[in-house]
Amino acid sequence: MAGKEPKGESQFMRQHKSTFIEYLHKESTQGQLTELINDGKFRFAVNLDELRRADASVVHSLLLDPAKYITMMSDCIKEIAEDIEVQDPAMKVKPKSRRYPYKETYEIAFEGNFGRNHITPRGLVATNLGQLVQVEGIVTRLSTVKSKLLVSVHYCEDCQEFSQHYYDDPYNLRENRTEKTLVTIPTKDYKGHPIRTEFGLCHYKDSQSLVLQEMPERTPPGQLPRSIEVILEKDLVNRTKPGDRIDVVGVYKTMPLKKSMVNGLFKTVLIATNVTHITEIENQNITEMDIKRIQDISKRKDVFELLSSSIAASIEGHKYVKQALLLQLLGGVEKILDSGTHLRGDINVLLVGDPSTGKSQMLRSIMNLATLSICTTGRGSTGVGLTAAVVSDKETGERHLEAGAMVLGDRGIVCIDEFDKMSDLDRVAIHEVMEQQTVTIAKAGIYTSLNARCSVLAAANPIYGEYINSIPLSKNIGLADSLLSRFDLLFITLDKKDPVKDREIARRVIINHRYKGNNDASVAGSYWTSEDVLIEPSIREDGGKETLPFEKQAGFFYAGRKKEVVTKMFLKKYISYAKRRSQPRLTNEAISYVSRCWSDMRARERVEKTLPITVRTLETLIRLATAHAKCRISDEVTVDDCKVIELSLIHISEPTRQAEISYAVFCLKKKKKKK
């Protein structure tokens, strides 16, 4: 092969080979290689940043022509590995040694900075074919692990001889093999004698495929998320499951189809060389100035009211609903006990009320504030669409898992509008998700459990279209108690006829329509450009500018009234910082207060015949108190936190009615001012 290459290219490759050998002889790399051999593994991690310091042209050529360089690197590692002494004597005798052993090659895993080749599935285009890329996404579909035949061993009874044959592997990343490859298993040798395949002596490798989809929060508005099929082989199989966010490093290649010769279209896949999990979703590019401003605002006494009033600032009223949504964004503290018991920290909120009270706008506002949010509707979703489904592949016929909305929204918020339009069977499917935060699948011979650690924000209309005061709350909502008990907060929003409030609402609506911003379609469409699919440089919502804490035009929206409103970008950074920085613990005084409050609520429930107060209500009190402590960025949950977010049962009586109306309302109490 060297004779066929141009002289300049051969010299270029020899120079890069010597650079890589020097990289392998470094002290840190030698220790990594020795550990790899002693553990009996065959995948060596190459750091592109360290290799780039030695010679940047090596990394540049590697990204453009990975097949040639992967072959060269694998051969270099194999030569150096033969000189390394194995510490464990048992590793010298390989357990897979057979009469015709398959020559095991060292695989290469790449890590570090990929520059412009670090992209999303939407950024994979024809110019990336044959290149080494790093793709971020979320796993939506995963197949079962299958064994692929690489080398078959045959025995001829007439000649009493063994023979072996290699098979074509379209997913092979190395350059052309010297062995002659086959497509089908032979039944006769080159002399025409019948041969028998010895399946126990054949060599196989594990193979698995998954579908990597663009992350929901990075999908351009109004467009469908893009996806790419990823091929995992050997030790990379079974490293992930549906719903996981992963980084895949691999080669973007084309695969022929049956109809390729007719229309010229080919199937594209990503053959993985390395898979890593993305554990950190919160990425708001918080600067030192942002941290200083966040700490200053957290010390204010009115920080809870300030941040909550900044949520959906264009909607008049709904003070307690906005406070609840702020607590939902912050969340409690998730706990996993030594016994394996999982206590959720996510807060679920249900909004039920008359039409035109701003419920859907509240959901839309939370979608814009949450780092990860999935939006769906009750009429347009099913139980399996929200959890997970077992589907069959049209080409192979095998069954595999496909993640639903709540699995894709792991560590985020799932917004469900028109919750009352869902069927009872579909609502039952999310019971497990809302409490255990897992999705258990036992279908078509597949039994598994997927993570769905998400908060649920649902909006619904009353069962009769509007709220009727003459009937109890439970009959107005029309939802089962088993489902209502899984919501931490339940709000009833009524469209009351009050002249004073009506004038305030009318003033706010008119001011919203008077506002002239960057609403031009060309401006909105230019938000996502062709370079936004790149991860390096990262997607910046603030455009790299300084994040201002307060809105400059707050006086315009509040008709000249002095009112501070936090900007959306700063509020996102505040919530992100508070969730990472603060993990509050309950003090002894807070434990006593919460216990006494819950027992009082149980006593009132027996007398007033309201909605059931269960142990889940006690856990709700703890989660809300913890979320309020996060708002202050405090490490302890005090009694003041419990008082501010205390849940209570309110008994309402209207003397104008013939019968007294009594129902339960979950609400937020104001903190009593100390005299």
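Criteria and cut-off values
Residues numbered from 1 in each chain as written. Predicted model: local features only at pLDDT ≥ 70, side-chain atom pairs only at ≥ 80, totals over all residues. Heavy atoms only, no water. Helix = DSSP H or I, 4+ residues; strand = E, 2+ residues; numbered from the N terminus. Contact = heavy atoms within 4.5 Å. Axes fitted to C-alpha atoms, helices over the stretch in contact; angles between N-to-C directions. Parallel < 35°, antiparallel > 145°, perpendicular 65-115°, else oblique. Nonpolar A, V, L, I, M, F, W, Y, C, P; charged D, E, K, R; others polar. Patch = residues over 30% accessible without salt bridge, like charges linked within 9 Å, V, L, I, M, F, W, Y side chains within 5 Å. Areas by Shrake-Rupley, 256 points an atom, 1.4 Å probe, with all protein chains shown as cover. Salt bridge = Lys/Arg side-chain N within 4 Å of Asp/Glu carboxyl O. Phe/Tyr/Trp six-rings, centres within 6.5 Å; stacked < 30°, edge-to-face > 60°. Buried < 20%, exposed > 50% of the residue type's maximum accessible area, 1.4 Å probe, protein only.

A. Focus on the side chain of S308. Within the element layout of this structure, S308 appears in helix α8 (residues 303-309). The residues contacting S308, other than those within four sequence positions of it, are K322, Q323 and L326.

B. A look at the packing of helix α7 (residues 288-298) against helix α20 (residues 568-581). Between α7 and α20, whose axes approach to 10 Å, the crossing angle comes to 80°. In terms of orientation, α7 lies roughly perpendicular with respect to α20. Of α20, the residues touching α7 (which contributes D290, I291, R293, I294, Q295, I297 and S298) are F570, K573, Y574 and Y577. Residues that form the contact of α7 with α20 fall into these classes: six nonpolar, two polar and three charged.

C. Molecular detail of a nonpolar patch on the surface. A cluster of nonpolar side chains, I185, F199 and Y204, forms an exposed patch at the surface whose accessible area comes to about 300 Å². Along the polypeptide, Y204 turns up in strand β9 (residues 203-213).

D. Quick peek at the packing of helix α9 (residues 319-330) against α20. α20 packs onto α9 with a crossing angle of 50° between their chain directions and a minimal axis gap of 9 Å. Judged by the inter-axis angle, α9 sits oblique to α20. When α9 is examined against α20, the residues L326, L329 and L330 are found in contact with a partner set consisting of I575, A578 and K579. The residue inventory of the contact of α9 with α20, partitioned by class, reads five nonpolar, no polar and one charged.

E. Highlighting the packing of aromatic side chains. Within this structure, the stated rule accounts for four aromatic pairs. Consider the rings of F419 and F487, whose centres lie 6.0 Å apart with planes at 85°: the pair is edge-to-face. Remark: F487 occurs in the loop between α16 (481-484) and β23 (489-493) and F419 occurs in the loop between β19 (413-417) and α13 (424-429); sequence separation between them is 68 residues. Of the two residues, F419 and F487, both sit in the buried class.

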